[in-house]
Amino acid sequence: MRNRLVIGNWKLNGGLAQNESLLAKLAADVDGRIGCICAVTVPFPYLSQAKSRLQHSGIAWGSQDVSRFESGAYTGEVSAAMVAEFGAKFTLVGHSERRVIFCETDAVVAQKFGSAQRAGLTPVLCVGETLAERDAGLTEQVVMRQLDAVIAAQGLAALVGAVLAYEPVWAIGTGRTASPAEAEAVHLALRQHVASVDAQVAGDLPILYGGSVKKSNAAELFAMPNIDGGLIGGASLVAEEFLGIWAAL
Ligand code: 13P
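Residues numbered from 1 in each chain as written. Predicted model: local features only at pLDDT ≥ 70, side-chain atom pairs only at ≥ 80, totals over all residues. Heavy atoms only, no water.

Novice: Please clarify how the site of the ligand should be interpreted in this entry.
Specialist: Near the ligand you find Asn9, Lys11, His95, Glu167, Ala171, Ile172, Gly173, Gly211, Ser212, Leu231, Gly233 and Gly234, and these make up its full shell. In this structure, glutamate 167 approaches the ligand through a side-chain N or O atom, which is 2.9 Å from an oxygen atom. Note that an oxygen atom of the ligand is positioned 2.8 Å from one of the backbone N or O atoms of glycine 234. For the ligand, whose unbound accessible area comes to 310 Å², protein coverage reaches 95%. For the shell around the ligand, a count of residues per class yields three nonpolar, seven polar and two charged. (Near = heavy atom within 4 Å. Polar contact = N/O pair within 3.5 Å; in protein donor to acceptor, adjacent residues only side chain to side chain. Areas by Shrake-Rupley, 256 points an atom, 1.4 Å probe, with all protein chains shown as cover. Nonpolar A, V, L, I, M, F, W, Y, C, P; charged D, E, K, R; others polar.)

Have a look at this one:
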């Protein structure tokens, strides 16, 4: 059976005191469950705090991005190996905010995916279409292109042990969630796409949904057969919301 996951993405939010209170509440309440993983991805400066507050809890932690480079003259970059030194298990790669605002191409995202794996991190590859792409009927074409770029660069076997997250750009931070049926259709298409090459890899690949997930809508999304959990933005900053989403997994 594939793992089920709830992963928080704090984005550019937090502060030492605020994190302290949030992490304490999460650490106290997240229960260990076989086959289920709870994690938070924090801004780089807070990896150390996440490690010290979560290392004896049932919650894993990670970063929201990594450099595609391992070391050298790349001012401002943070390598996957540096992130791993803080006990991180995960890193997001290819979040739509990185793709859109920071102009990350499919090829760069594929390199980051490889860098993460070489450092022992589990990459959470984010894919998703914009509203214009959805309206033009291009949803599947866009998400397959984003996934295929990673498969072409790293090989299909790189998906073993990795996590995929479908996050429609029009549902992120907008309060407009994809309906369970809309999300399930894309998740199923992604899994079938991988299964056309290797059914075992496809069957074991967790595919998370992200985009305005809250405790009030998590259960209906997670009930879909190909939705294996959630990648949570705004609601991961509020302990009660995030714990409610975890409870719905
Ligand atoms: P929201 O949950 O705030 O819509 O963000 C989703 C997201 O981008 C998680 O990576």
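Having seen it, we continue.
Novice: Which parts of the structure should I look at to understand the pairing of strand E7 (residues 207-210)?
Specialist: Along a regular strand, successive side chains alternate from one face of the sheet to the other. Both faces of E7 are covered, namely the face carrying Ile207 and Tyr209 and the face carrying Leu208 and Gly210. In terms of strand pairing, strand E6 (residues 163-166) meets E7 through three bridges, oriented parallel. Counterpart to tyrosine 166 in the pairing with E7 is tyrosine 209. Two strands pair when backbone bridges link them, and E7 and strand E8 (residues 229-232) are joined in this way by two bridges, in the parallel orientation. Looking across to E8, one finds that glycine 210 is bridged to leucine 231. (Buried < 20%, exposed > 50% of the residue type's maximum accessible area, 1.4 Å probe, protein only. Helix = DSSP H or I, 4+ residues; strand = E, 2+ residues; numbered from the N terminus. Pairing = 2+ DSSP bridges.)

Novice: Looking at this structure, how should I read the packing of helix H1 (residues 16-29) against helix H11 (residues 239-248)?
Specialist: Packed helix pairs are specified by the crossing angle of their axes together with the interaxial distance, meaning the distance between the axes. With their axes 10 Å apart at the nearest point, H1 and H11 run at an angle of 30 degrees to one another. Judged by the inter-axis angle, H1 sits roughly parallel to H11. The two elements H1 and H11 meet at a crossing, and its hand is right-handed. Contact residues: H1 offers Leu22, Lys25, Leu26 and Asp29, while H11 offers Ala239, Phe242 and Leu243. (Axes fitted to C-alpha atoms, helices over the stretch in contact; angles between N-to-C directions. Parallel < 35°, antiparallel > 145°, perpendicular 65-115°, else oblique. Left-handed = near helix turned anticlockwise from the far one by under 90°. Contact = heavy atoms within 4.5 Å.)

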